[in-house]
Each structure stands twice: as C-alpha cells, then as structure tokens.
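Analysis of the macromolecular model
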Amino acid sequence: MDRVSSFDEPLLKLLGGATAKVMAEHLGLHTVGDLLHHYPRRYEERGKLTALADLPLDEHVTVVAQVADARILMFNNGRGKRLEVTLTDGSGRLQLVFFGHGVHKPHKELIPGRQAMFAGKVSVFNRKMQLAHPTYQLLDASDADEATEAVDAFAGRLLPIYPACKQLDSWRIAKAVDAVLPSARDAVDPLPASLREGRGFTPLPEALLKVHRPQTKADVEDARARLKWDEAFVLQVALARRRYADTQLPAVARRPVADGLLDAFDAKLPFTLTEGQEKVSKEIFDDLATEHPMHRLLQGEVGSGKTMVALRAMLTVVDAGGQAAMLAPTEVLAQQHHRSITEMMGELAEGGMLGGSDRGTKVVLLTGSMGMAARRQALLDLVTGEAGIVIGTHALIEDKVRFHDLGLVVVDEQHRFGVEQRDALRSKGKQPPHLLVMTATPIPRTVAMTVFGDLETSVLDQLPAGRSPIASHVVPAKDKPHFLSRAWERVREEVENGHQAYVVCPRIGDDAEEVEGKGGKKAKAKKAAPEEDGDKRPPLAVLEIADELRKGALAGLSVEVLHGRMHPDDKDDVMRRFAAGDVDVLVATTVIEVGVNVPNATAMVIMDADRFGVSQLHQLRGRVGRGSAPGLCLLVSEAHEASPARARLSAVAATLDGFELSRIDLEQRREGDVLGQAQSGVRSSLRMLTVIDDEEVIAAAREEAVAVVAADPELEHLPELRTVLAALLDKDREEYLDKG
C-alpha cells in the first residue's frame, strides 16, 4: 500500500458498515486519515475519577466514576420500573436513570464500589444533575474476558476520551482507532525538514501514536505541540499562496482626484471624521492606488462609521473614472444603504439630473423585487457608466447586469454571502476590481489571521461622537416572571418619553417548523429528539408575540411586525413608518440585525435570547442607543441559571466591547464552527489548534509560511507539503478559501 492511499482508505473497509455509517453521518469521518486526525478531547488517569461537580449542562460527556448506590423504584402503580444509580467521585454526585426493559443489565452490573466509564448527555432533573440512559463500560469487570478487553483497549495509564456522539461512545471510537493506528506510519509529513529539525518537533507518525495512545503526560504534550503546528502551518501556507497569487493579478489603480466628488462630499459633511476613520481611509486609498487588487477586511464596532469609510472609497473610485458596487445581504438593508447614501450625498447623488451637481454621479438601487421599468433604467445607467455607484442585493450578480468599468466591490456583512456570489460580482470588471469586505462582528486578531488570512485588516474601534451608552440586563422569565412584566413596563415608559422600541423573536410564526435565519433567510427549525430535549418548547414567534403584546402588556401602542416572509414593499413601508416615528414598537426577527438605523429607538427586548449567538446579540443590541438618548437592551431567557446559555447572556450584558465578546464567543463555541462558516473544508483540518489560545503558534506559522511561499510559490521543492495541501484543499476548497 503506498504512503498516501492508506490514509485515503474508506473506513467502511476496515470497521464494518454500521460503525462506518455512524462515523460518517455523526462525526464527519470517512477515511483512515480522518479517524487518525480525530484526536482525544482529554485523558483520564486510570483509577482517578472525573470531577463530577464541574460537568457542563446539555453536553455529551464521558466520565470515569464509582457507583455509590443503585436502587429500583416502581411507578404507575407498579407497572413501571426505574433504576436510579448514584455515582461519586469524592467531590460531587451524579445520578444515572434507566427505564423500562433497560434496567435489568445495569441493575446486575452497576453495584456499589464498581468503577466504569459512563457516556451521556448531562441534564438537570429535580435540581440534580443526571444522565438518562447512559452507555457504560466497566473498568473493573468481574467477568475475566470483559475485564481483559477493557484493559487491553487502554493499555496505558491514560484513558483517551474522544469527541463522541449519542450513537457512538468514546470507548468504541478508541477501539476503531486501534484498528487504523498501524497506518500512522504512512503519514505524509507536511513540514519542511529544516523547519521540523529547527524547532525540534517529533516526527508525524510518532506524534499520531503518542496522541492516541500516550504512556505519559509528556507524550501528550509532545504530540499536541507537533500536531498544532501542522494545522497552523498548512493553513497559513494555503493563505500565503492566495495572497501571493493576488499580488500577481493586474488591477486598475484608482487614485484620488483633487476637487472631485470626494472633496465636494467632504466639504459638505456636517461633522469631522474620527481619527480612526481618517487612518482607515488612508489605508484603503493607498491600496486603491496600486496596480493589483485590494483585498481588505474592514471590521469595526456596531455604529463605528464603516459605511462612511466605504462611501468615501467608492467616491474615490468614481473620481478616478470607475464604478463602485455595494452588495448588501437583504433587500431591507440594500434599500436602507441606498436611502442613507443618497441622503448623505444630497445633490452629489443626482449627477446628470436637473438640480444635480455637475461634479455628481448617479446612485442606483438594484434589487430582485424592483418593477421592470425601474430595473431597466438602472441596468442602462450601469452599462453606460452614468451610475457611478450601485447598491443592491445578489440581484447585482445576475448575468444581465453589465458594468461600464467596475473598479470597487464593497461587500457588507461578508459572512452572509455565498462565495460564488462574491466571485461572480468580481468577475464583472474588465480586470479584477478592488475588494473591500465590511463586517460588524469584531474578530479577535488570531481569528482574523486564520479565517481572513488572505485579507489585509483595518479596524475601526472608536465610536463617533454622539453615540449613547447601552445598558443591558438579563431577564430570567422562568425564575422571576415579574421581571418580564417589568420589562414591558420599561418599554411603555420609553414610548411615553417619545421613544421607540424593538422586540426580537427567533421565529416568524404560523409554521412551527420555521425559524428565521441570518439575513432574513428562512430555515427549518431543528427538531430535538424527545429524549434530548424533553419538554423544550418551540422558539417564540414574531406573529404570536406581537398579537399578545397588542392585546396585553402594550395595548394601546402602535405595534407592527417585520420579518423575511413579508413582501419587500411591505417591509420597506414598515421600516419607513418606524423610522418616521409612526410605529411605537417593532416586533421583528433578526432581519433588523445589521444596518437598521433609527436613532429614536432606545429599547430592545430580545425574547428567547439564549437561542442567539453572542455576536448576534451584540449586533442586535447595536440597533439601540444610536441617538442622544441612552439605550436599553433586555435579554429575556428561560434558561437555567447554571447553564452555559445563561453564562453567555451574562457575558453579553456585562460588556459592550465587541472584541471582548468575540473572544468569549470563541471560547464557548468549538473552533470548527467559527472556521467552518468562513472556510468550507478547512474545518476538517483544525482538530488540535484552538485559535483563541494558540496565537503565538499561528503567528509563528504565518511567518514561516510567508517565507516558504516567497522562496518557492509553487512548492516545487516541497512535494510532501503539496500533497497535504491538495488533500486539505481540493480545487473547490482552495477556491473557496481564495474568496474568503
């Protein structure tokens, strides 16, 4: 068997159909290489018990513990049986519960004093932590064969605990790893020999053996150090090659012109730009003046003035004879950008029109729901070059859309756009246009280096003068229902003081299965398996909550709804009336998450706040406090006080610093989620690296990668590195990474 193919061997051949199917469907493992890179999450020492007091709620765990007590209880007048087993580790206790026919075997085996590994999902019942119907493996079995098998599977002192799932527990994964471990010696080593020796790394085959079957803790440290480096280095080489390839592309330099549109615009601004805006604008202008395409990420706090910076870049390109396109994720946002940009530009946005400035240009809107006549005119203005600026949704990407000379593409909220869509827009220039990506979710430096490593980064961390502070509080609706009543009273008070409020819900309503996703896209709600989620109700819905509020807590106020299923004209009408102050309370989905700007809105109540991510909550909260009056954000949740969900909400309430929150978000979520959103395929490569903790490794790997690519862009002298890159980034994935 050659060196590469043993890693490519399907697991189906080695492990049998049922196990291979579960691994593929639930753990994303398809080949021998995938399984060898499925590393233990942690290690338990034989004979040492897991700290039960620290177990996380709602997570699938594997613990080593001792049985303290086991008893069968009858219920339903003796018709039903329940086995309750209490585990102890000396510091805490954990209850196991088995029902029905499932009680006989554990009742026989789980006798006081027995030690075993248990796997299941941690929940709370009657204020006690429990695992319902866990799987288990005895570690001191009385049956000789079983005991030998248990000990053989874990010959070392350290028991590897693998990321597992309900269908396949950690020790079965360990058995499967044993079957493929001999293939570790065929591992293709991606690190150049000089780098490996210079940094004193363990050879890769040895690192794989040590990570799966360590004899000592030092083995684990050795293996981890080596495997982290591989991940960071291979990823940074892929990004460095993208950056290098971009510098080889031609682009039209767009240099600022004196006394042009930009100068006229700056002269009529009613305020001065912040230092941050000036600094970032200079970085962008310097990039636009070069003859290869700009690839820049502009990240900044909610309300830090990114749109202003982007608009000035667009005006520069128009001054230099080109056109600029701004791509927004939703029609609501595209219409709003168009409205605010034409208002900011005034007569400068009416080039060629009566009363327009002779230095002006035309600013057109292009969305899917426009009438035929308006659409035809917009398309004509683009192809003739009459329109210097176009703002639109993905309708901008359709084949029919032709530009006279596309010089700059600004993408708002990058993570909402399909990569193919961004690429299609970039291909509309005669030469590749410059690209500016804006994101309102602040990203820690390590993530920026890893996820957006092929983009130069500019950060706006100053808020413009006049932004008000936002107070945030968690409202525990289940424990303290009177807090929720008080929340509605606060909304009423804000309205009585002449202000307005938002109420945000995760779901639209009508259809219990539908949850509104990011950018107003509809998605199917994931149905929890009954045993996983017990009595968890569906997320609260816009239509139902709006109805309740009109009849109850907010009766007499003007309450309107906004969600992604409404006709675009109706959405625009509601937003206009809300902006004009004719609507007191807007009950909406996350369709308002980005860009919606109503300075008079001062309060926001987020229902089922625990069902939103940290950065999403921060984004939503940024819709209030945009004027001179202070903002108030109330996070309503029924989550248990000790749950990770409540910890997340408390973190959001405790700080307004988006960079700090993005770090918390990253610590609480798995890296794969964060990276997987931005880079298809590369997700599978990050098993060991924790982006938040390994900043030094990532930075060092980036330096080495840049040096390697500068010396040998095609990696002609590093065939092993090329092989590993090809496996990680097949053509589609590499292009995906290219587009960011």
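The coordinates are above.
Worth saying up front: this structure is predicted, and the values here are computed from it rather than measured.

1. So, the overall build of the chain
Counting its secondary structure elements, the chain contains 28 helices and 23 strands. Taking all 740 residues of the chain together, the buried fraction comes to 55%. Within the chain, counting contacts between residues at least 6 apart in sequence, those at least 24 apart form 73% of the total.

2. Some thoughts on the environment of aspartate 219
Among the structural elements, aspartate 219 can be located in helix α10 (residues 217–247). With 17 residues separating them in the primary sequence, aspartate 219 and threonine 202 have C-alpha atoms 9.9 Å apart. Once residues within four sequence positions are removed from consideration, aspartate 219 is found in contact with Lys210 and Pro214. Reaching out from aspartate 219, the side chain makes a polar contact with the backbone nitrogen of glutamine 215 at a distance of 2.9 Å.

3. A word on unusual backbone geometry
Located in the positive-phi region is aspartate 608, a residue other than glycine, with phi close to 50°. Using a relative accessible area of 3% as the deciding quantity, one classes aspartate 608 as buried.

4. Quick look at the pairing of strand β2 (residues 60–75)
Bridging between β2 and strand β5 (residues 115–125) involves seven bridges; their strand directions are antiparallel. Residue pairing in the sheet places valine 64 in a bridge with methionine 117 of β5. Here nine bridges tie β2 to strand β3 (residues 80–88), and the two strands are oriented antiparallel to one another. Across the sheet, the residue bridging to glutamine 66 is threonine 88, located in β3. Counting the residues between successive antiparallel strands, the hairpin from β2 to β3 contains four residues, one of them, asparagine 76, with a positive phi of roughly 55°.

5. Examining the sheet that holds strand β21 (residues 585–588)
Spatially, β16-β23-β22-β17-β21-β20 is the arrangement adopted by the six strands of the open sheet, whose pairing is parallel. Unpaired on one side and paired on the other, β16 (470–476) and β20 (559–562) mark the two borders of the sheet. Across the sheet, the axes of successive neighbouring strands diverge by a mean angle of 20°, strand direction being ignored. When strand β17 (residues 500–504) meets strand β22 (residues 601–606), the two strands line up parallel, connected through five bridges. Directly across from valine 503, in β22, lies its bridge partner valine 605. Taken strand by strand, helix α23 (residues 644–654) contacts β16 and β23 (631–637), and its axis lies near 160° from that of β16.

6. Focus: the pattern of salt bridges
Within the structure shown, the criterion is met by 34 salt bridges. In this structure, the salt-bridge partner of glutamate 283 is lysine 279, at a minimum N-O distance of 3.8 Å. Of the two residues, glutamate 283 and lysine 279 both sit in helix α12 (residues 275–288), four residues apart, roughly one turn of that helix. A relative accessible area of 24% places glutamate 283 in the partly exposed class. For lysine 279, a relative accessible area of 49% translates into the label partly exposed. A salt bridge links aspartate 572 to arginine 576, with the nearest nitrogen and oxygen atoms 3.3 Å apart.

7. Quick notes on the side chain of threonine 361
Turning to its location among the elements, threonine 361 is positioned in the loop between α14 (331–345) and β11 (362–366). In this structure the side chain of threonine 361 is engaged in a polar contact, spanning 2.9 Å, whose partner is the backbone nitrogen of glycine 388. Aside from chain neighbours lying at most four places away, what touches threonine 361 is Leu261, Val318, Met345, Leu348, Ala349, Glu350, Gly351, Glu386, Ala387 and Gly388.

8. Focus: helix α26 (residues 695–711)
Helix length check: α26, at 17 residues, gives a terminal C-alpha distance of 25 Å against a target of 24 Å (1.5 Å per residue), a fit within 8%. Listing the buried residues of α26 in full gives Val697, Ile698, Ala701, Ala705, Val708 and Val709. Seen along its axis, α26 keeps its buried residues to an arc of 90°; they face one direction. In α26, the exposed positions that point more than 90 degrees away from the buried face belong to Glu696, Glu703, Ala710 and Ala711.

Cut-off values and rules
Residues numbered from 1 in each chain as written. Predicted model: local features only at pLDDT ≥ 70, side-chain atom pairs only at ≥ 80, totals over all residues. Heavy atoms only, no water. Helix = DSSP H or I, 4+ residues; strand = E, 2+ residues; numbered from the N terminus. Buried < 20%, exposed > 50% of the residue type's maximum accessible area, 1.4 Å probe, protein only. Contact = heavy atoms within 4.5 Å. Polar contact = N/O pair within 3.5 Å; in protein donor to acceptor, adjacent residues only side chain to side chain. Pairing = 2+ DSSP bridges. Axes fitted to C-alpha atoms, helices over the stretch in contact; angles between N-to-C directions. Salt bridge = Lys/Arg side-chain N within 4 Å of Asp/Glu carboxyl O. Expected span 1.5 Å × (residues − 1). Arc of directions from axis to C-beta.

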